[in-house]
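# Coordinates in review
The residues making up each chain are set out below.
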Amino acid sequence: MNLLFMGPPGSGKGTQSKLLCDRYSIVHLSTGDMFREAITNKTEVGMRAKSYMDKGELVPDQVVIDLIRAKVTSLSGKGFILDGFPRTVPQAIALEDLLSGLGLKLDGVFFFDVQKEILVNRLSARRTCRKCNQVVSADDVSKAKCAVNSDGCDFYQRDDDKPEVIAKRIQVYQDQTSPMIEYYKSNPNFLKIDGTQPADQVFQVILNKIS
Ligand code: AMP
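What you are looking at is a predicted structure, and each value in this text was computed from that prediction instead of being measured.

Summarising burial for strand E4 (residues 108–113): five of the six residues are buried, a large majority. Strand direction decides the pairing type here: strand E1 (residues 2–6) and E4, joined by four bridges, are parallel. Of the residues in E4, the one forming a bridge with Met-6 is Phe-111. Examined bridge by bridge, E4 and strand E8 (residues 190–194) share five bridges and lie parallel to one another. Note that in E8 the partner of Phe-110 across the bridge is Leu-191.

Structure follows, in structure tokens:
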């Protein structure tokens with residue numbers, strides 16, 4: 001099963017990806033997580049990506065396409081969820097070429113629809129665990145259990161979840177990513193989901209569709 005999750009930052013793609021990967025043992029391919037890991041490891045790609053991410057801008061298409069090509073090719077047929085890629089029409093075209101070259105296709109394209117005001121509130125309150133990448137609202141930090149470390153989570157606020165960068169990321173989404181929705185609308189497996197519903201309800205909608 002190969003799925004594509006798209007939608008603005010804060011629309012719940014990452015949360016739903018994690019729920020679904022736990023349920024089906026498929027691989028979560030988040031380009032944002034890949035870049036954050038590369039930054040932590042101080043790799044050349046990480047250092048290059050950081051300068052764009054800090055400003056809320058997109059990393060150049062070719063850097064992202066090369067990264068995702070290497071990951072998808074290394075999965076040797078295992079199912080995956082693409083979260084945060086593609087983000088531009090050229091990336092979508094590159095993905096189509098990559099998948100058709102590997103004899104693969106997308107079995108589901110889910111678009112998480114959430115209004116701007118809700119995104120701003122969600123992103124401002126969002127906290128991310130350094131160890132397990134779990135994302136929770138600031139109010140829920142004390143209740144969270146870490147998926148990888150028995151000492152618990154180590155939450156922080158991403159630099160790009162600060163107010164000035166949030167506004168830029170939403171603008172970049174509207175200008176560069178939303179035109180891509182048109183590209184996928186004709187896909188027979190396209191489904192628009194109301195991403196303002198609670199996470200468990202969104203998850204149920206996805207499960208119903210893929211079953
Ligand atoms: P995310 O964790 O998906 O919100 O991504 C964080 C940041 O990583 C974005 O604001 C971009 O700077 C960069 N990024 C992630 N995925 C992509 C992509 N597909 N194309 C370009 N930049 C990306």
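Still more to cover.
A sheet is described by the order of its strands in space; here three strands give the open sequence E6-E5-E7, paired in antiparallel fashion. The open sheet has two edge strands, strand E6 (135–137) and strand E7 (155–156), and neither has a second partner. Alignment of strand E5 (residues 126–129) against E6, held across three bridges, turns out to be antiparallel. Bridging from a neighbouring strand, Thr-128 pairs with Val-135 of E6. Each of E5 and E6 touches helix H6 (residues 116–125); the most contacted strand, E5, lies at about 45 degrees to it.

Turning next to the environment of Lys-18. Within the element layout of this structure, Lys-18 appears in helix H1 (residues 13–24). Taking the C-alpha atoms as reference points, Lys-18 and Ile-181, separated by 163 residues in sequence, lie 22 Å from one another. A polar contact is formed between the side chain of Lys-18 and the backbone oxygen of Asn-133, at a distance of 3.4 Å.

The immediate surroundings of the ligand are formed by 16 residues, with Thr-31, Arg-36, Glu-57, Gly-84 and Arg-87 found nearest. A distance of 2.8 Å is found between a nitrogen atom of the ligand and a side-chain nitrogen or oxygen belonging to Thr-31. The separation between an oxygen atom of the ligand and a polar side-chain atom of Arg-36 is 2.9 Å. For the ligand, whose unbound accessible area comes to 480 Å², protein coverage reaches 96%. Among the elements that line the shell around the ligand, the one with the most residues is helix H2 (residues 31–40), at four residues. For the shell around the ligand, the per-class residue count stands at six nonpolar, four polar and six charged.

As a further point, take unusual backbone geometry. Note: most peptide bonds trans; most residues except glycine with negative phi. The step from Phe-85 to Pro-86 runs through a cis peptide bond, and the omega angle for that step is -5 degrees. As for its placement among the helices and strands, Pro-86 is situated in the loop between strand E3 (80–83) and helix H5 (89–101). The phi dihedral of Ser-76 falls on the positive side, at around 35 degrees, and the residue is not glycine. Here Ser-76 shows up in the loop between helix H4 (61–74) and E3.

Burial within H2 is extensive, with eight of its ten residues counted as buried. For H2, the full list of buried residues reads Thr-31, Gly-32, Asp-33, Met-34, Phe-35, Arg-36, Ala-38 and Ile-39. Where H2 is buried, its residues touch H1, strand E2 (27–30), helix H3 (44–53), H4, E3 and E7. Just downstream of H2 lies Lys-42, where phi reads positive at about 55 degrees.

In the structure shown here, the tally under the stated rule is 14 salt bridges. A salt bridge links Arg-69 to Asp-66, with the shortest nitrogen-to-oxygen separation between them at 3.3 Å. Taken together, the residues span about one helical turn, with Arg-69 and Asp-66 both in helix H4 at a distance of three residues. Classification of Arg-69 by relative accessible area gives partly exposed; the value is 38%. Connected through shared salt-bridge partners, Arg-126, Arg-158, Asp-160, Asp-161 and Arg-169 make up one network.

Criteria and cut-off values
- Residues numbered from 1 in each chain as written.
- Predicted model: local features only at pLDDT ≥ 70, side-chain atom pairs only at ≥ 80, totals over all residues.
- Heavy atoms only, no water.
- Buried < 20%, exposed > 50% of the residue type's maximum accessible area, 1.4 Å probe, protein only.
- Helix = DSSP H or I, 4+ residues; strand = E, 2+ residues; numbered from the N terminus.
- Pairing = 2+ DSSP bridges.
- Contact = heavy atoms within 4.5 Å.
- Axes fitted to C-alpha atoms, helices over the stretch in contact; angles between N-to-C directions.
- Polar contact = N/O pair within 3.5 Å; in protein donor to acceptor, adjacent residues only side chain to side chain.
- Near = heavy atom within 4 Å.
- Areas by Shrake-Rupley, 256 points an atom, 1.4 Å probe, with all protein chains shown as cover.
- Nonpolar A, V, L, I, M, F, W, Y, C, P; charged D, E, K, R; others polar.
- Salt bridge = Lys/Arg side-chain N within 4 Å of Asp/Glu carboxyl O.

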